[in-house]
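Residue strings, one per chain:
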Protein chains: 2
Amino acid sequence: MKREELLVNSIRFLSAYAIEKANSGHPGLPLGAAPMAYTLWGRHLNINPKDPNWINRDRFILSAGHGSMLNYALLHLYGFDLTIDDIKNFRQIDSKTPGHPEYRWTEGIEATTGPLGQGISTAVGIALAEEYLREKYNKKDLNLIDHYTYAICGDGDLMEGVGYEALSLAGTLGLSKLIILYDSNNITIDGGTDISFNEDIKKRFKGFDFQYLEVEDGNDIDAIDKTIKEAKKDTKRPTLIEIKTIIGYGAKSLEGTSKVHGAPLGDQGLSELKDFFKWDYEPFEVPEKAYELANEELDKKKKVYDKWLEIENKYKEEYPEEYKSFMDGINGVVPEDLYNEDFFKFEKDLATREASSICLNTIAEKLDYFIGGSADLASSNKTEIKSSYSFSKDDRTGKNIRYGIREFAMSAIGNGILLHGGLKTFVSTFLVFSDYLKAGMRLSSIMELPLIYVFTHDSIGVGEDGPTHQPIEQLTMMRAQPNLNIIRPCDAVETAYAWKIAMESDRTPTAFALSRQTLPILEGSGEGLLRGGYIISEAKNREKIDLILLSSGSEVQFAISAKEKLEADGISTRVVSMPCMEIFDSQDDEYKESVLPKDIRNRISLEAASDIPWGKYVGLDGVSIGLDRFGMSGPADSVFENLNIGEAAIIKAAKDILDLE
Amino acid sequence: MKREELLVNSIRFLSAYAIEKANSGHPGLPLGAAPMAYTLWGRHLNINPKDPNWINRDRFILSAGHGSMLNYALLHLYGFDLTIDDIKNFRQIDSKTPGHPEYRWTEGIEATTGPLGQGISTAVGIALAEEYLREKYNKKDLNLIDHYTYAICGDGDLMEGVGYEALSLAGTLGLSKLIILYDSNNITIDGGTDISFNEDIKKRFKGFDFQYLEVEDGNDIDAIDKTIKEAKKDTKRPTLIEIKTIIGYGAKSLEGTSKVHGAPLGDQGLSELKDFFKWDYEPFEVPEKAYELANEELDKKKKVYDKWLEIENKYKEEYPEEYKSFMDGINGVVPEDLYNEDFFKFEKDLATREASSICLNTIAEKLDYFIGGSADLASSNKTEIKSSYSFSKDDRTGKNIRYGIREFAMSAIGNGILLHGGLKTFVSTFLVFSDYLKAGMRLSSIMELPLIYVFTHDSIGVGEDGPTHQPIEQLTMMRAQPNLNIIRPCDAVETAYAWKIAMESDRTPTAFALSRQTLPILEGSGEGLLRGGYIISEAKNREKIDLILLSSGSEVQFAISAKEKLEADGISTRVVSMPCMEIFDSQDDEYKESVLPKDIRNRISLEAASDIPWGKYVGLDGVSIGLDRFGMSGPADSVFENLNIGEAAIIKAAKDILDLE
């Protein structure tokens, strides 16, 4: 057997045996796609397992994440920190080889994948980051950034809307260093793709302005190699290479059927596989010659790496300022005076989306590595970077990304930009459309990427656009998601602190919920936000508090005006601004007790949204005022009034629970 | 001016003045798309304003819902219950003319639209329903069902992934009675589509196996008319007609720019508009000749309607059995013995997804009008209808819909099937992928469509597939959404009751969260589910209860086993099964007090998910045991153990709050 066949079959058998041992997993993809995976890794992918985070490495994303064993086998064979024992522990608790590839968990895994369509979309973000950095920093003969982004995807990735959105944008932007290998096997879980997916892929991708290439035999390594080379030649368009494969190739009684997609092969299937490939090795044994070939290939890759080190050194010498800027991006360095007094000072009352715009623009002016965009709502979200222009096919240095009306792809691409490294970024849309990108936001949290979600039009305050545009359940949806800070500031000053938190967050994404309507700057608002919730307006008699009001965002003003009336009636009332429950909940018990003393049971919360998350603060004796219905179309003030969100509701509830007239 | 011009311009000026008066709205679309809208409504659309719910009417969906005034103007001109006064009240509280078209709110509106991409996807569902009913019921010369589904969409609809997904499926299924008019104006909010959307639409839609037609001048009524006729001739493929328009046509200083998309024209714009169209009428005045033309057209439509009535009568006589079946579908009639004793009886312990499969198949066998499908997970969701086969291009009577890996489109198509009428339907995927279809589920709730969402793999019990496949926040996300019942049954028996609720729901969608793993049938489980939450296992001493345990789904078994140990230690413990919080919350106070007496403050909840929704039940003195992190990959039992979800956690919490050793 040729060495490259030994290597390809090593991928196949490591996968098959690991899945068999775990009694769980997806052998169909590794068996069919092993040749393309080898061709890519062995002959093209510039990586260095000794420096797995090398900023100029080629990126590889297994978008069809269920085929994770393919990726683990590659990592093992190409010298990453992943042993045969790790492979034997496939899909076991705390092993390096979980069911789907997990970023930050396993060295060399570039993105968490599994939820279909998102891997290729994330790859688009990585490719976009590469374009920006390449154009911004490279100098004649000194290419600091110059690498490819590769992905392997399956039918499911192309059926999912998010994949469509991202690739349509990649075509529009001409991200030519994105090369996608499409493992085209015409099989999905429920059967042949003819029943649900008979697109003419070539026409579709030509419609996207992709280069479309095809390999008819997915086992033909030289043909795949040649086609990848051709893909690289097109410097104007991204490439999709459709590679025809047979799912579960070699497990003769199963191959080509959906049965082999997601279940172990079983004894018979394994034995057929061994016969077919004339494989004479023990389970989990890799032939020496396979390692030998991989090592030779690694030596070549090492030379590319060493050459880059030389370039980097030269660049550092010749362009110290640019190099510093580049490294500042990688390390997230912020000028000392960024969050100075002025950052938190506002001249007049503003919608929090307007305040956010001021902060965002201050930051963008000072940080070269800060880019972002909107899903076609920049003018409404107020997220235009005024000191820059559009990132486009013709100019890669624009800091405003025009995502188009593609919220989901936007979040996945945002994830990809951060995965690349060297950049900080935000995305933006209306809060209600967080629904569209929920699954992408979940991956931000799982991957611990500090992506900033600027959501505006945060409540029924949207007004005339009506129920479809007025968020109700979205704040709760996000609060329930682990590792996400959702901040709903009550005024301009809190908004500035929210930006500070978001920018300084290292491993947690942040979402802002910002108002469309103008909000007064409230006395006492500000730094308290850094603790998530705080006393924004203390009772006159702090020794004897009758009532605690809790609120967030545009409703805090109502809580404060209600308090004033209640105090006038002799009811000692504290108002707590609670812009971020997650941060408040993470404070120490002493602080939390100081804000919400356990023995004060008369508590009322007010938020123009689902009241579910407030239950844990108001308890069985308190009242949550919120919305358990959809909104209505009309001027914002009338909508608040009609839905009874305001001062009057608080006063009524207060009299009820205090048993007053 | 020709009468048809007068009618087209009436649409334009009603829209422009209404938006001006409301000082809010989107004039760009009505000004550009009025001619295509008129051509469709005047010359093609078979409707009867006196019988707006006529089952065989042509359907019209304004997918670009922000252009709502276009639709309201048409409804007014074509005799629906919508007056000039209603139009003057555009975007005001409780008016018939809210900001976006709202189904059930305004007569003649076929779907709530506004969230982009979903209108065309819903139209696909309507067209699919038509195909099923047409094939199933029509007899030679007696076409009970035989109508078109039309939609007007904009660039945004085509950029959104959901629109892509749905149209790709429509092409695969060859839904030839779906005709989409694409208002192609090359402008989105943030500017020209070239910055974010330069697809070759023709190639793309040919790739989807659509008939692609083009009209170069969006003001050419005869050309549009001719092209719609051509569209109808293709009986194998759906049609997309790209109609080139100028956004805001006629408001000369604004037209063709993004400025005219979403803001009133202002005095100058209006005056330009009047000049351009030589429009000499008062605001909100419609020329008599425009009404006259519309009425003539309505007379023609009436003849089509009357002819159908004849067909219906003949059909009723000649095919009484089929007619009854057809009407049963429309009225949702269920055989009396459907929910008999056997329906709720199970021989052995089952995963709730398996129990659900039994219920679903029992229902499907008895109801001709019950169809549904999965996003390529039928075999995992256990939602295959075994007594039927695939709905396909070649056979429209199959009851199993193969949605492909397109969760979001699936929900929108499900909405469309219900909007059509005559059918009951379900959709299915893994619970974690409810994220992908969240925005479609929201429209189910807003439109009050009783779509059934069968979500399986409902917790960390998924096991090896790991964090990306284990839901944490999804139950909370759904519980926060108004008008949605999310039911998480604890065993097979509760599952059967859940199906009964879902089937009998008239205006509320239902979502099931079902287990992958086998669950024991618990003593006491069952009918109590109909009240949302109930005492599944009473304390030995019901007069003196020390502790209440609350749980749902697969964790109820842990609560019961914990209870047994606690009772053995002399702690009088009640266990409440809470499969559906929304239904429980809607019970009368007396019942709720009987289950959760206010003075029993020692309460512990256990659910393998975000604990946020339990706060309101356990209060400040109780404990919620849940998950505020993502899951892990490993065998299911180990994952439960590692994440401390089980009996031991309850016992520890009980001892803590009861201050015991």
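Given the structure is predicted, the values throughout are model-derived calculations rather than measurements.

It is worth spelling out the sheet that holds strand β17 (residues 547-551) of chain B at this point. Residues and elements named next belong to chain B. The five strands are arranged β16-β18-β17-β19-β20 in an open sheet whose pairing can be described as mixed. Each having just a single partner strand, β16 (534-537) and β20 (623-625) make up the two edges of the open sheet. Geometrically, the sheet is characterised by an average inter-axis angle of 30° between neighbouring strands, direction not taken into account. In the sheet, β17 pairs with strand β19 (residues 603-606) via four bridges, with the strands oriented parallel. In the sheet register, S551 faces β19, and the bridge partner there is L606.

For the rest of this paragraph, the subject is helix α16 (residues 434-446) of chain B. Residues and elements named next belong to chain B. For α16, which comprises 13 residues, the first-to-last C-alpha distance of 17 Å matches the rise-based estimate of 18 Å (1.5 Å per residue) to within 8%. The sharpest bend along α16 reaches about 40° and sits at G440. Along α16, 13 of the 13 residues are buried, which leaves the element largely enclosed by surrounding structure. Where α16 terminates, the next one or two residues include E448, which has phi positive at roughly 55°.

Our next topic: a negative patch on the surface. All names here are of chain A. Taken together, E214, E216, D217 and D220 make up a surface patch of like negative charges. If you trace the backbone, D217 turns up in the loop between β6 (211-215) and α9 (221-233). Here D217 falls in the partly exposed class, since its relative accessible area comes to 38%.

Once chain B is rotated about the relating axis by 180° and shifted along it by 0.0 Å, it coincides with chain A to within an RMSD of 0.0 Å. In symmetry terms, the pair is related by a two-fold rotation axis. Mapped onto chain A, 99% of the interface residues of chain B again fall at the interface, so both copies present the same surface.

This paragraph deals with the pairing of strand β14 (residues 510-514) of chain A. All names here are of chain A. For β14, a buried count of five out of five residues is recorded, marking the element as mostly surrounded by other parts of the structure. Here β14 shows a buried face lined by T510, F512 and L514 and a second buried face lined by A511 and A513. In this structure, strand β12 (residues 452-456) lies alongside β14, joined through five bridges in parallel fashion. Residue pairing for β14: V454 is matched across the bridge by F512. In the classification by handedness, the crossover that spans strand β13 (residues 485-487), the intervening helix α18 (residues 492-504) and the parallel β14 is right-handed.

Attention shifts here to the pattern of salt bridges. Side chains bearing opposite charge may pair, as long as their charged atoms lie close to each other. This model, assessed by the stated rule, comprises 105 salt bridges over all chains. Note that R396 of chain A is salt-bridged to E131 of chain A, the shortest N-O span being 3.1 Å. Of this pair, R396 of chain A sits in the loop between α14 (378-381) and β10 (400-402) while E131 of chain A sits in helix α5 (residues 118-137), and the two are 265 residues apart along the sequence. The residues R396 of chain A and E131 of chain A share a single accessibility class, namely buried. For D225 of chain B, the salt bridge is made with R43 of chain B, and the minimal N-O distance between the two is 3.2 Å. With D225 of chain B in helix α9 (residues 221-233) and R43 of chain B in helix α2 (residues 28-43), this residue pair connects regions lying 182 residues apart in the sequence.

Moving on, we come to the side chain of N185 of chain B. All names here are of chain B. Here N185 shows up in the loop between β3 (178-184) and β4 (187-188). Classification of N185 by relative accessible area gives buried; the value is 12%. Among the polar contacts made by the side chain of N185, one reaches the main-chain amide nitrogen of I187 at a distance of 2.9 Å. What N185 contacts, discounting residues up to four positions off in sequence, is D155, T245 and I247.

Accessible area lost upon the coming together of the parts is a frequently used measure of interface size. Counting from both sides, the interface comprises 106 residues of chain B and, opposite them, 105 residues of chain A. Of the roughly 8300 Å² buried between chain B and chain A, counting both surfaces, carbon and sulfur atoms make up 58%. Looking at the side of chain B facing chain A, the largest losses of area belong to Y436, R442 and L620 of chain B, adding up to 9% of the total buried there. Our count for the contact surface shared by chain B and chain A stands at twelve salt bridges. Between R442 of chain A and E473 of chain B there is a salt bridge whose closest N-O contact spans 2.9 Å. Counting across the interface, chain B meets chain A through 54 residue pairs in polar contact (both at pLDDT 80 or more).

Each value, and the rule that gives it
- Residues numbered from 1 in each chain as written.
- Chains lettered and ligands numbered in written order.
- Predicted model: local features only at pLDDT ≥ 70, side-chain atom pairs only at ≥ 80, totals over all residues.
- Heavy atoms only, no water.
- Pairing = 2+ DSSP bridges.
- Helix = DSSP H or I, 4+ residues; strand = E, 2+ residues; numbered from the N terminus.
- Axes fitted to C-alpha atoms, helices over the stretch in contact; angles between N-to-C directions.
- Expected span 1.5 Å × (residues − 1).
- Bend = angle between axes of the 7 residues up to and from the residue.
- Buried < 20%, exposed > 50% of the residue type's maximum accessible area, 1.4 Å probe, protein only.
- Patch = residues over 30% accessible without salt bridge, like charges linked within 9 Å, V, L, I, M, F, W, Y side chains within 5 Å.
- Areas by Shrake-Rupley, 256 points an atom, 1.4 Å probe, with all protein chains shown as cover.
- Salt bridge = Lys/Arg side-chain N within 4 Å of Asp/Glu carboxyl O.
- Lys, Arg positive; Asp, Glu negative; His and termini not counted.
- Charge placed at Lys NZ, Arg CZ, Asp CG, Glu CD.
- Least-squares fit on C-alpha atoms with pLDDT ≥ 70 in both.
- Contact = heavy atoms within 4.5 Å.
- Right-handed = clockwise from strand over helix to strand, strands pointing away.
- Polar contact = N/O pair within 3.5 Å; in protein donor to acceptor, adjacent residues only side chain to side chain.
- Buried area = accessible area lost by both parts, 1.4 Å probe.

Structural measurements only, silent on function.
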